[in-house]
Amino acid sequence: MQPGTPFVIEVNPRIPRRLSRMTELANNLWYSWDRPTRTLFALLHPGLWDKVNHNPKAFLKRVDEERLTEAAEDHIFLGSYNRVLSAFDTYMSEPLRRDMPLDLNPGDLIAYFCAEFGFHESFPVYSGGLGILAGDHCKSASDLRLPFVAVGLLYRQGYFLQRIDNDGNQIVTYTDSEFEDLPIKPALIEEETEIHVYVELPGRNVEVKVWVARIGHVRLYLLDTYLPANMEEDRYITHQLYGGDKHTRIKQEIVLGIGGVRALEALGLNPTVYHINEGHAAFMMLERIRRKVKKGLSFHAALEATAANTVFTTHTPVPAGHDLFEQEMIWSYFRDCFNDLGVQRDEFMKLGGASHGRDFNMTKLALSGTRHHNGVSRIHGRVSSRILSDMWPQVRPCESPMDFITNGVHVSTFLAKEWQDLFDSMLGYEWRRRQTDVKFWEKVASIPDHHFWAVHQALKSQMLYSVHHHVTQQHLRNHGSDAHLVRMLKFANPLDPNVLTIGFARRFATYKRAALIFENMDWLRSVVKDADRPVLFIFAGKAHPADKPGQELIRRIFDISRWPEFEGKILMVEGYDMGFARRLVAGCDVWLNTPIYPLEASGTSGMKAAMNGVINLSVADGWWEEGYDGSNGWAIKPAPEYFDETRRDQEDSRDLYELLQDQVIPTYYRRHELGFSDEWVSMAKRSIITLLPRFSSARMVMEYVNKFYGRASRQWRHYSENGFAAAQHLASWKARVRQAWSGVNLRRLDDPRNRICFGESTALKVAVDLNGLMHEDVRVEVLIGRASKQGEDSNVQAALMKPDGCAGKECLFSLEFTPGICGKLLYRIRVYPYHESLTHPFEMGLMMWL
Ligand SMILES: *Cc1c(COP(=O)(O)O)cnc(C)c1O
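Since this is a predicted model, take the numbers as computed values, not measurements.

**Here's the deal with the UniProt feature "domain: DUF3417" (unreviewed entry) in the chain**
Working step 1: The UniProt feature table records "domain: DUF3417" (unreviewed entry) at residues 15-122.
Working step 2: A distance of 21 Å separates the end C-alpha atoms of residues 15-122, which is 52% helix and 4% strand.

**A look at the packing of aromatic side chains**
Working step 1: Counting across every chain of the model gives 43 aromatic pairs.
Working step 2: Judged by centre distance (4.8 Å) and plane angle (50°), the ring pair of Trp419 and Phe452 falls under tilted. Taken together, the positions of Trp419 in helix α17 (residues 417-427) and Phe452 in helix α18 (residues 449-477) put the pair 33 residues apart, joining distant regions of the chain.
Working step 3: With centroids separated by 6.3 Å and ring planes inclined at 50°, the aromatic side chains of Tyr704 and Phe708 adopt a geometry described as tilted. Of this pair, Tyr704 and Phe708 are both found in helix α27 (residues 697-741), four residues apart, which corresponds to roughly one turn of the helix.
Working step 4: What links up through ring pairs into an aromatic cluster is the set Trp419, Phe423, Trp431, Phe440, Trp441 and Phe452.
Working step 5: Directly above the ring of Phe643 sits Arg647, whose terminal nitrogen or CZ lies 3.7 Å from the centroid.

**Re the UniProt feature "modified residue: N6-(pyridoxal phosphate)lysine" (unreviewed entry) in the chain**
Working step 1: UniProt marks Lys608 with the feature "modified residue: N6-(pyridoxal phosphate)lysine" (unreviewed entry), using the numbering shown here.
Working step 2: Within the fold, Lys608 resides in helix α23 (residues 605-611).
Working step 3: Residues contacting Lys608, with those up to four places away along its chain left out, are Ile132, Val409, Phe414 and Val585.

**Thoughts on the nonpolar core**
Soluble globular proteins: nonpolar side chains tend toward being buried together.
Working step 1: Residues Phe113, Phe148, Phe283, Phe334 and Tyr709 are the most contacted members of the largest nonpolar core, which totals 171 residues.
Working step 2: Broken down by element, the residue count for this core peaks at 18 residues, all from α27.
Working step 3: Look past the residues within four positions of Tyr709 in its chain and what remains in contact with it is Ile110, Tyr112, His137, Phe148, Val273, His275, Val311 and Tyr704.
Working step 4: Phe452, Val527, Leu553 and Leu691 belong to the second-largest nonpolar core, a separate cluster that totals 104 residues.

**Quick word on the packing of helix α7 (residues 129-143) against α27**
Working step 1: α27 packs onto α7 with a crossing angle of 80° between their chain directions and a minimal axis gap of 9 Å. Comparing their axes, α27 and α7 come out roughly perpendicular. Of the residues in α27, those touching α7 at Leu133, Asp136, His137 and Ser140 are Ser697, Ala698, Met700, Val701, Tyr704 and Tyr709.
Working step 2: Class assignment for the residues of the contact of α7 with α27 results in six nonpolar, three polar and one charged.

**Section: the pattern of salt bridges**
Working step 1: A full pass over the atoms with the stated rule returns 60 salt bridges.
Working step 2: One salt bridge in this structure joins Arg525 and Asp522, with 2.8 Å as the shortest N-O distance. You can see Arg525 and its partner Asp522 sitting in helix α20 (residues 521-528), three residues apart, about one turn around the helix.
Working step 3: Look at Asp522 and you get exposed, because its relative accessible area is 55%.
Working step 4: For Lys734, the salt bridge goes to Glu843, with nearest N and O atoms at 2.6 Å. With Lys734 in helix α27 and Glu843 in the loop between β29 (825-833) and β30 (848-849), the pair connects residues that are 109 residues apart, well separated along the chain.
Working step 5: By relative accessible area, Glu843 is classed as buried at 11%.
Working step 6: Connected via shared salt-bridge partners are Glu200, Arg262, Glu265, Glu287, Arg290, Arg291 and Asp340.

**Notes on the state of the cysteines**
Working step 1: As enumerated under the stated definition, the model contains one disulfide in all.
Working step 2: Two residues share a disulfide in this structure: Cys806 and Cys811, whose sulfurs sit 2.0 Å from each other. With the S-S dihedral at roughly 90°, the linkage between Cys806 and Cys811 falls on the right-handed side.
Working step 3: Classification of Cys806 as partly exposed rests on a relative accessible area of 45%.
Working step 4: Residue class for Cys811 comes out buried when judged on its relative accessible area of 4%.

**Re the site of the ligand**
Working step 1: Taken together, the neighbourhood of the ligand is formed by Gly129, Ile132, Arg506, Lys512, Tyr576, Asp577, Met578, Ala581, Gly603, Thr604, Ser605 and Lys608.
Working step 2: Here Lys512 contributes a side-chain N or O atom positioned 2.6 Å from an oxygen atom of the ligand.
Working step 3: Note that an oxygen atom of the ligand is positioned 2.5 Å from one of the side-chain N or O atoms of Ser605.
Working step 4: The fraction of the free accessible surface of the ligand (390 Å²) that becomes covered by protein chains is 95%.
Working step 5: For the shell around the ligand, the elements supplying multiple residues, two or more each, are α7, α22 (578-587) and α23.
Working step 6: Broken down by class, the residue content of the shell around the ligand amounts to four nonpolar, four polar and four charged.

**Comments concerning the pairing of strand β24 (residues 762-769)**
Working step 1: Buried residues dominate β24, accounting for six of its eight residues.
Working step 2: Looking at chain direction, strand β23 (residues 745-748) and β24 are connected through four bridges and run antiparallel. The residue of β24 that forms the bridge with Asn745 is Asp769.
Working step 3: With eight bridges joining them, β24 and strand β28 (residues 810-817) adopt antiparallel strand pairing.

**Comments concerning the sheet that holds strand β27 (residues 802-807)**
Working step 1: Ordered by their spatial adjacency, four strands build an open sheet running β23-β24-β28-β27, and the pairing between neighbours is antiparallel. Strands with a single pairing partner mark the edges of an open sheet, and in this sheet they are β23 and β27. Averaged over neighbouring strand pairs, the angle between their axes works out to 25° when direction is ignored.
Working step 2: Bridge analysis of β27 against β28 gives four bridges, and the strand direction is antiparallel. Paired with Pro803 across the two strands is Phe813, which belongs to β28.

**Overview of the sheet that holds strand β20 (residues 590-593)**
Working step 1: Strand order in the open sheet formed by six strands is β19-β18-β17-β20-β21-β22, with parallel pairing between adjacent strands. Strands with a single pairing partner mark the edges of an open sheet, and in this sheet they are β19 (570-573) and β22 (633-636). Averaged over neighbouring strand pairs, the angle between their axes works out to 20° when direction is ignored.
Working step 2: Taken together, the four bridges between strand β18 (residues 535-540) and β19 define a ladder with parallel strand orientation. Counterpart to Ala540 in the pairing with β19 is Val573.
Working step 3: Against the sheet, helix α25 (residues 645-669) makes contact with β17 (500-505), β18, β20, β21 (615-619) and β22, and its axis sits at roughly 165° relative to β22, the strand it touches most.

**Some remarks on the environment of Glu265**
Working step 1: Along the chain, Glu265 turns up in helix α9 (residues 246-266).
Working step 2: Classification of Glu265 by relative accessible area gives partly exposed; the value is 47%.
Working step 3: Separated by 68 residues in sequence, Glu265 and Val197 have C-alpha atoms that sit 9.6 Å apart.
Working step 4: For Glu265, the side chain forms a polar contact with the side chain of Arg291, separated by 2.9 Å.

Conventions adopted
Positions within a chain are numbered from 1, following the residues in the order the chain's sequence is written. With the structure being a predicted model, the display of local features is reserved for residues of pLDDT at least 70 and the display and counting of side-chain atom pairs for 80 or more, all residues being used for whole-chain, interface and lining totals. Side-chain numbers here rest on the full set of heavy atoms in the structure, without hydrogens or water. UniProt positions are given in the numbering used here, feature names are shortened, and annotations may be inferred rather than shown by experiment. What counts as a helix is a DSSP run of H or I of at least four residues, what counts as a strand is a run of E of at least two, and both are numbered from the N terminus. When two rings of Phe, Tyr or Trp (its six-membered ring) have centres within 6.5 Å they constitute a pair, described as stacked for plane angles under 30 degrees, edge-to-face for angles over 60, and tilted for the intermediate range. Each ring is checked for a lysine NZ or an arginine CZ that lies within 6 Å of its centre and within 35 degrees of its normal; such an atom marks a charge sitting over the ring. Whether two residues touch is decided by their heavy atoms; if any such pair falls within 4.5 Å, the residues are in contact. Note on terminology: a nonpolar core comprises buried Ala, Val, Leu, Ile, Met, Phe, Trp, Tyr and Cys residues joined through side-chain atoms within 4.5 Å. The cut-offs for exposure are 20% and 50% of the maximum accessible area for each residue type, with area from a 1.4 Å probe on protein chains only; residues under the lower value are buried, those over the upper are exposed, and the others partly exposed. To get an axis, a line is fitted to the C-alpha atoms, and for a helix only the part in contact is used. The angle between two axes follows their N-to-C directions and goes from 0 to 180 degrees. When an angle is under 35 degrees it counts as roughly parallel; over 145 it counts as roughly antiparallel; between 65 and 115 it counts as roughly perpendicular; any other value is oblique. For this scheme, ten residues count as nonpolar: Ala, Val, Leu, Ile, Met, Phe, Trp, Tyr, Cys and Pro. Four count as charged, namely Asp, Glu, Lys and Arg, and the remainder, Gly too, count as polar. Salt bridge, as applied in this entry: a Lys or Arg side-chain nitrogen positioned within 4 Å of an Asp or Glu carboxyl oxygen. Two cysteine sulfur atoms form a disulfide, by the criterion used here, when they sit within 2.5 Å. Consider each residue's heavy atoms; a residue with any of them within 4 Å of a molecule or strand counts as near. Polar contacts, as counted here, are pairs of nitrogen or oxygen atoms within 3.5 Å of one another; within protein the pair requires one atom able to donate a hydrogen and one able to accept it, and residues that are adjacent in sequence qualify only if both atoms are side-chain atoms. For the accessible areas, the method is Shrake-Rupley and the probe is 1.4 Å, while residue cover comes only from the protein chains on display. For two strands to be treated as a pair, DSSP must find no fewer than two bridges joining them.

Dropping the structure here:
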């Protein structure tokens, strides 16, 4: 130890005037997807660039002034600098030529709420897939010039640093972000006054400071409670991403939801559409309801008006994954707010599905307060409508208002530079504009194979360098021997990237079954034992610090990687983050994913791999069930859900081994004199051609606009006109319908015929006891379809029955019915409430069948 107290002083260089706009570049996350911008910084001092974790702002504060002065006089550097600035200015100021119409209305503004955002490794306010998806959503919103703002929390401790020790234990280090180093600034009013808002917690107000980050055209507002005015405990609310206990969690969610709405107001912004990405931000609707109640609306009318322009995306495929709070806890935080809301406690609890002693569920709250909902893949939409079916008790899950929009990833962020350059020269610059044009991408097929392969091999080399670097650091820190290191890296040789390399990198949650490949060790041994056809498996990823089974998986894989027969063939690499992820998804040969069906809501790392020509080998779950077409990768057919866990693991792993042994390995090693396999290159091309245009976040965001945003904004206008007349009317109509519904009954009046000739019609007649409702409050409908083997109807079509007058309590409905097809048909008759202002015909969840 040195004697004395060390004092820290940071010496910042003065930025030469000619390079003054470097600061501007460092303060716009445009750099997170524009590689030439990052290269500009890196070239100044590659060592420092790595040391500051690719953070331009931190870099500019630490780099030697001399280096900057030199660069300011170096015409080569200035050339790159000017090119980057010109691209930046063009992006920021040129209007966009939109090839496809977007369903937006004048004056629209979309506000997007999420608890985490992942743009780049230099800005650690994310933990995994959800955050990166939110980041990609913002980036594409910027690319598409959407009127769009985002709201999140500014964590001092976000993505943690992961190390793996000599026994395979995950060692977690949280470091405090220096806000000075992040690409953020305090949000200001009139360029001078900082914006602070307050949220009420029991017995006190918490002050919240608003920061702003720029993501191209989009602004992300981040909320921070680390302020001297707050008591110690409250300063730590926004301290750590998903840290602390349930109380921390609810306070974070109150700050995000309620503080978020207040921040937007303080900024003078009036969104016409709100989008909550996962349930964490669902409290926002309470604040929005409260404001309307204050203006004189009833609680229910305010709820209708709020829900009508709010979109909710769920990402959780298991009931246990939803955020739950005990009723007493919710009560203690929201007691004071109930008076303002004009609602009784019981009714408030019901919003979160918390009746009969059940906990308050944030997903249910989100569903109660939104009229546009979606899962994140076709399968996940279906699963979500099943597990949330009690929100629409009388509606069949296949017709529930739960829709789906499959996730996508931001192409410029995740497509390696080398591919971008190749596409520039082979497809023309317009590929950037034609990202979602399925037909356009067919052109990839005409890229010469050897050219294509050379790019892949270069990226594989780069990836292996990264792996080398990580493994060496990890090994030497753990006091491993040099000889052992050489054995470990035998197959991960950047100079000879010719070993079939299979990557698996993502969060280590148990449902993702990182260790499925180790289900049958003998089989695995026989798969990897062939000395002429070696296989390298690279694993990377973090387990949540509270997830013991996830950490156990890391330990298990680490342990197996040390068995002599697997040495060098299996690597468990520490330090996964977005930077390492970009390398891995671009540089492996195969991207492996083995989740338990149907728990991978979507999965996105496979999409990143696919667009880089890395071939997916994955369970047909989430996005891959939609993406796989037989020519662009391999799909493991999931074992049926009713098998027990052991049996499913056995079945799925057998499928995996068979694919490896019969398809993947032989195809890769069927190499000719040019050093690659034609079939392999053809599959890699198919992967780009078929998957890049369909799984980009550009496609995803356009789908959100055209399915939800435009509609939500129109509903908002309709509901809010004339002092919220439509919302009030709809709320009282719903109350009336709900009251009457249990007494509604259907009875058939005609004699059913069971055989008619084609072209002939049959008259259907029913009487409906409407229990006080009017005939225009309902729709009576015939559904007709073919009878299929399982007794299910398929190709169902609907026909409305016409009201035929009322007699006493009953109204008559009839239909002259002429089936348009022959064969054995099934038809059913039902009644459900109908109002033209409804957003979804079945949003009330009420229906009666004959
Ligand atoms: C893409 C990505 C993820 C999400 O991967 P999944 O396949 O969806 O699990 C997680 N972490 C990082 C760093 C990523 O880049």
